[in-house]
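Structural overview for review
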Amino acid sequence: MFGGATATIYTERHSITPTEEAIEDSLQTIHDIATENLGALCLTKLYRPLKITLNPERYTGARQKADLAAVVLQDVGVSRHNGLLDALAKGLLSDAHVTSARILSINVTDGVLTNSVWWNKEPGGMGAPLRIEAEGIAIGTKPDPSYPWFEDETSSPGLRSPKFTPTPPDISYRGWWTYPYYSCGQKKWILSYSVAIPPMGRHGIRGFLSIDIDISDLQVNQCNNPNRFEIVSYNQHLRQYYPFVRNLKLGEDEQLRQIEAFHGSHKCHIHSMRCEYRPVVTSVLGSGSLTLGPNGTGPVGSGPNSINGSFGGGAGSMGVAAGGTTLQTVVNGWTRGAYQCRCKDGFYSFRHPDGFNGSIMEVAYQEYRDNISSYYKEVFVCVRCAPGCATCTGPEPCLASYNWAFRTTLLTFSIMCAGFTVVLALYMYQHRKVKVFKVASPIFLTITLLGCAFMYLEMAAIFPILDTYSCIATKWTRHMGFCVTYTALLMKTWRVSLTYRVKSAHKVKLTDKQLLQWMVPILLVMFIYLGTWTLSAPPTAEKIEDQYGLIFKQCSYNWWDHSLAIGEVLFLAWGIRVCYNVRNAESLYNEAKLISYAIYNIALVNTTMVAFHLFIFPQAGPDIKYLLGFIRTQLSTSVTIALVFGPKVLRILRGQGDQWDQRARKRGITASFSLNGIGLVPEETADLYQENEELKEEIQKLAAQIEFMKIVHMEMNNRHLKPKPGGYFTMKSPLGKSFGAGGGTGASGTSGGGSGSGSHRHKHTKDDSVKEHSGVTEDGHSGTNSCYSGTANSIGFPTQPTTTANNSNATTEKV
């Protein structure tokens, strides 16, 4: 509730409680007096009391002086010291707030006055006090009962009279405070304090003491005042514990000058308006130290009896106008409707943009309560702004509109794409034994489809009007989907890169299980980061404006987003480098190149869309941003699926899923260059085939080495074998002689002379060869070259003809 219970009832119903009725009657009296609308009433009734209780805390000093004077008179007697009465009455006027003091001596038996003293303070407080001789307190008569400050104790025992206000709880006064009343004769608002002085015995003279306090400087603030008790209690605390402190919290005097009973009695509509106190300020020209107040409410001066230089008309300030004339600014606090009703934030008034005058609102409410007109409910109202407007001056919209049909179409297509990835995963599982899927590592293909489905679901997260939960879902689907998809593709490409770049004879073998062991930590890091982000500082939806100034919500971006973006950029850069390294690598069905294209596309699309958001469409509306998100998802996710899975599905639909790629077969692609370690597989299981393929490669190498060593050892250690002329085992001297070609016939052993001659020539040839060329059979490098030549000759290369036909034929037969 804003403005108290009174204001709530004012705006909700016609009937009000007795207390509220008393407040309304008092406000009407104040309004009549301020506008001089009393007429003949002031002739018949000199006093116009209100029906509200005033807080007398400000006048505690004056009350205590009156109580002290009453105690003195009770002790010394009222009738025995006539001069004492005048002295006490004049002494009471020494208080700054007291304007009148009177002491009456009344016969207890008949109630007739035996003595009376009435002193008034001179207006402005500059002169000596004036003694008043009023008819209502003439000696020998009874006091006039019309006085608001007097009550006969015989007719009202204990002064329990409706003229006096009830005593506040837990506070003991010797006398009674009256209700505030207006004196038509003095043209002032007065509050009186009266004390009954009991007689010395059952018979005799009883006394009656009363003081008047000018309360014309008080203010009728009908607005709410929630800070009053906080300010006053703070200052009272300072006075209690730090009596020497004089610089109290500002605003206490202003708070005490306002009548609490009228707080919250404004007529502003509490749900759409706020009340602003606007005291009536008037300027009056005069001369000297005295200036008449507004509407003849009394003189205004600058003496000690005035507050801020005012007396009777409220607070004021002095100034000098042209010609030496005094300019007096007067604040008339006793005015009904001294406020303005302004529309709260989120409301507006087309007819009254600057607010409604409080006096007009008071009259409109009075007519509405009396069923005279309904302007109070129909005209003097503030209209709620369009949805989303914090402030407005008219019915113009503040929120950006959402084209729900357009957004629903894009969302439906994205959901269908997510469903298509699930169907594709099931289709791949059904055809997992087909070679086109089998050699491409089905487990990583399934992980790739799972990540793509996550990225498609981002469109569902950003579909509604964003809030904290949808922003959390957006971050998870976008970043986790990207990480899953990109990491699965990159692991397959990385395996090709490691295999392709190997330079040793040892074969690098990376299985799917090993790659998954590398992939899981990457995904775990992303999961921990997103989880910490969500729990510690979840992203919220903040309001931004488009190019037309319309407001819509967008997920906030902070250092969490920036840090993750830097990490993803570095991850993309590493993936691009890996793809660049395998640009010339051969793989089955050309899959490595297609995956590289997909990774290049992901990097290009994400970079381009960030540039679109930041530089080309920085103030785009919600539908444009949703469209950009849809385009980014389709260009990155759908293109990835098309590149990686499109050719495979197309081959299966054509019936070529179990046929090898001809280019791969011609280039001899083995298991080393497959994306899952499987080469040209037969119908056996993957493990058996891979093992057989490796064994075949090793057997071929061993067979070539065995054949090589057999020929080398045969030619190096067999002295009966004649090197063929023209072969690599035949070495020629610079003189044109062939070493190692003679004496071959002696080796056959056909005759003794031939044998000796042959043996001699063979030894001579050998010795010459050792001396001049170190020998072919004893030099490792030359022997190796000879072995290569021998290997070549042994497998069918033609040899050069020898100089001796018979020896050549003999050597051939021996071999």
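Residues numbered from 1 in each chain as written. Predicted model: local features only at pLDDT ≥ 70, side-chain atom pairs only at ≥ 80, totals over all residues. Heavy atoms only, no water.

As annotated in an unreviewed UniProt entry, the protein carries the name G-protein coupled receptors family 3 profile domain-containing protein and is attributed to Anopheles farauti. Quoted verbatim from the Sequence similarities (unreviewed entry) heading of the UniProt record, the comment on the protein is "Belongs to the G-protein coupled receptor 3 family." (UniProt positions renumbered as here; feature names shortened; annotations may be inferred.)

**Points about the overall build of the protein**
Check the secondary structure of the protein and you find 23 helices and 22 strands. Out of the 815 residues in the protein, the part that is buried amounts to 46%. Taking all contacts inside the protein whose residues are at least 6 apart in sequence as the whole, residues at least 24 apart take part in 68%. Counting every atom, the protein has about 42,500 Å² of accessible surface; 59% of that belongs to carbon and sulfur. (Helix = DSSP H or I, 4+ residues; strand = E, 2+ residues; numbered from the N terminus. Buried < 20%, exposed > 50% of the residue type's maximum accessible area, 1.4 Å probe, protein only. Contact = heavy atoms within 4.5 Å. Areas by Shrake-Rupley, 256 points an atom, 1.4 Å probe, with all protein chains shown as cover.)

**A look at the packing of helix H16 (residues 559-581) against helix H17 (residues 591-616)**
What describes two packed helices is the angle between their axes and the distance between those same axes. Running from N to C, H16 and H17 point in directions that differ by 150 degrees, and their axes come no closer than 10 Å. As judged from the angle between their axes, H16 and H17 are roughly antiparallel. H17 is crossed by H16, and the crossing has left-handed handedness. Each of Leu572, Gly575, Ile576, Cys579 and Tyr580 in H16 lies in contact with H17, whose residues at this interface are Ser596, Ile599, Tyr600, Ile602 and Ala603. Residue classes in the contact of H16 with H17 are distributed as eight nonpolar, two polar and no charged. (Axes fitted to C-alpha atoms, helices over the stretch in contact; angles between N-to-C directions. Parallel < 35°, antiparallel > 145°, perpendicular 65-115°, else oblique. Left-handed = near helix turned anticlockwise from the far one by under 90°. Nonpolar A, V, L, I, M, F, W, Y, C, P; charged D, E, K, R; others polar.)

**Some thoughts on helix H8 (residues 358-369)**
Taking 1.5 Å of rise per residue, 12 residues should cover 16 Å, and H8 covers 16 Å from first to last C-alpha, within 8% of that figure. What H8 keeps buried is the set Gly358, Met361, Glu362, Ala364, Tyr365, Tyr368 and Arg369. Capping the start of H8, Asn357 holds a side-chain oxygen 2.8 Å from the backbone nitrogen of Ser359, two or three residues further along. Remark: Asn371 follows H8 within two positions and exhibits a positive phi of approximately 60 degrees. (Expected span 1.5 Å × (residues − 1). Polar contact = N/O pair within 3.5 Å; in protein donor to acceptor, adjacent residues only side chain to side chain.)

**Section: H17**
Taking 1.5 Å as the rise per residue, H17 with 26 residues should run 38 Å; its terminal C-alpha atoms sit 36 Å apart, in good agreement. For H17, the full list of buried residues reads Glu591, Ala592, Leu594, Ile595, Ser596, Ala598, Ile599, Asn601, Ile602, Ala603, Val605 and Met609.

**Observations regarding the sheet that holds strand E15 (residues 339-343)**
The strand order across the open sheet built from three strands is E9-E15-E17, with neighbouring strands paired in antiparallel fashion. At either end of the open sheet lies a strand with only one pairing partner, and these are strand E9 (273-277) and strand E17 (356-357). One ladder, built from two bridges, connects E15 with E17; its direction is antiparallel. Counterpart to Gln340 in the pairing with E17 is Asn357. (Pairing = 2+ DSSP bridges.)

**Quick word on the pattern of salt bridges**
Applying the stated criterion across every chain, the model contains 20 salt bridges. With a closest N to O distance of 3.1 Å, Arg342 and Glu276 form a salt bridge. Separated by 66 residues along the polypeptide, Arg342 in strand E15 and Glu276 in strand E9 bring together distant segments of the chain. With a closest N to O distance of 3.4 Å, Lys710 and Glu707 form a salt bridge. Placement of the pair is Lys710 and Glu707 together in helix H20 (residues 686-717), with a separation of three residues, close to one helical turn. The exposure class assigned to Glu707 is partly exposed, which follows from its relative accessible area of 32%. (Salt bridge = Lys/Arg side-chain N within 4 Å of Asp/Glu carboxyl O.)

**Digging into the packing of aromatic side chains**
In this structure the tally under the stated criterion is 29 aromatic pairs. For the ring pair Phe413 and Phe630, a centre distance of 5.8 Å and an interplane angle of 65 degrees mean the geometry is edge-to-face. Remark: Phe630 occurs in helix H18 (residues 622-653) and Phe413 occurs in helix H10 (residues 404-430); sequence separation between them is 217 residues. Geometrically, the ring pair formed by Trp533 and Trp560 is stacked, given 6.0 Å between the ring centres and 10 degrees between the ring planes. In this pair, Trp533 is assigned in helix H15 (residues 512-536) and Trp560 in helix H16, connecting sequence segments 27 residues apart. Of the two residues, Trp533 and Trp560, neither departs from the other in class, the shared state being buried. One aromatic cluster is present, built from ring pairs that chain together Tyr47, Trp118, Tyr147, Trp149, Phe150, Tyr181 and Phe208. Against the face of Trp118 rests Arg102, its NZ or CZ located 4.3 Å from the ring centre. (Phe/Tyr/Trp six-rings, centres within 6.5 Å; stacked < 30°, edge-to-face > 60°. Lys NZ or Arg CZ within 6 Å of the ring centre and 35° of its normal.)

**Some remarks on a nonpolar patch on the surface**
A grouping of Val610, Leu614, Phe615, Ile616, Phe617 and Ile624 is seen on the molecular surface, where their side chains present a nonpolar patch of about 600 Å² in accessible area. Tallying contributions element by element places H17 first for the nonpolar patch, with four residues. With respect to the helices, strands and loops of the structure, Leu614 is situated in helix H17. Residue Leu614 is classed as exposed on the basis of its relative accessible area, which comes to 54%. (Patch = residues over 30% accessible without salt bridge, like charges linked within 9 Å, V, L, I, M, F, W, Y side chains within 5 Å.)

**Re the state of the cysteines**
Tallied over the full model, the rule gives six disulfides. Disulfide partner of Cys223: Cys275, at an S-S distance of 1.8 Å. Given an S-S torsion of about -60 degrees, the disulfide between Cys223 and Cys275 has left-handed geometry. On the criterion of sequence distance, the pair formed by Cys223 in the loop between strand E8 (205-214) and helix H6 (228-241) and Cys275 in strand E9 is long-range, its members being 52 residues apart. Given the relative accessible area of 3%, Cys223 is considered buried. (Disulfide = S-S within 2.5 Å.)

**Focus on the nonpolar core**
Counting residues in hydrophobic clusters, the biggest one holds 48 residues, and the most contacted among them are Phe437, Leu445, Tyr486, Met519, Ile599, Val644 and Phe645. Those elements that provide at least two residues to this core are H10, helix H11 (435-438), helix H12 (442-456), helix H14 (468-500), H15, H16, H17 and H18. Among the elements that take part in this core, H14 stands out by supplying 10 residues, more than any other. Setting aside anything within four residues of it in sequence, one finds Leu445 in contact with Met428, Phe437, Ala440, Lys492, Glu591, Val644, Phe645 and Lys648. (Core = buried A, V, L, I, M, F, W, Y, C linked by side-chain atoms within 4.5 Å.)

**Some remarks on the side chain of Arg336**
Tracing the chain through its elements places Arg336 in the loop between strand E14 (326-332) and E15. As a buried residue without a salt bridge, Arg336 has its nearest oppositely charged side chain in Glu362, at a separation of 4.2 Å. If we skip the residues at most four places from it in the chain, Arg336 touches Leu27, Gln28, Ile30, His31, Gln222, Ser359, Glu362 and Val363. (Lys, Arg positive; Asp, Glu negative; His and termini not counted.)

**Remarks on the packing of H10 against H12**
Contact pair H10 / H12: the axes reach a minimum separation of 9 Å and the direction vectors enclose 170 degrees. Between H10 and H12, the angle falls in the class roughly antiparallel. Within the contact between the two elements, H10 uses Ser414, Cys417, Ala418, Thr421, Leu424, Ala425 and Met428 and H12 uses Pro442, Leu445, Thr446, Leu449, Cys452, Ala453 and Tyr456. Within the contact of H10 with H12, the residues separate by chemical class into 11 nonpolar, three polar and no charged.

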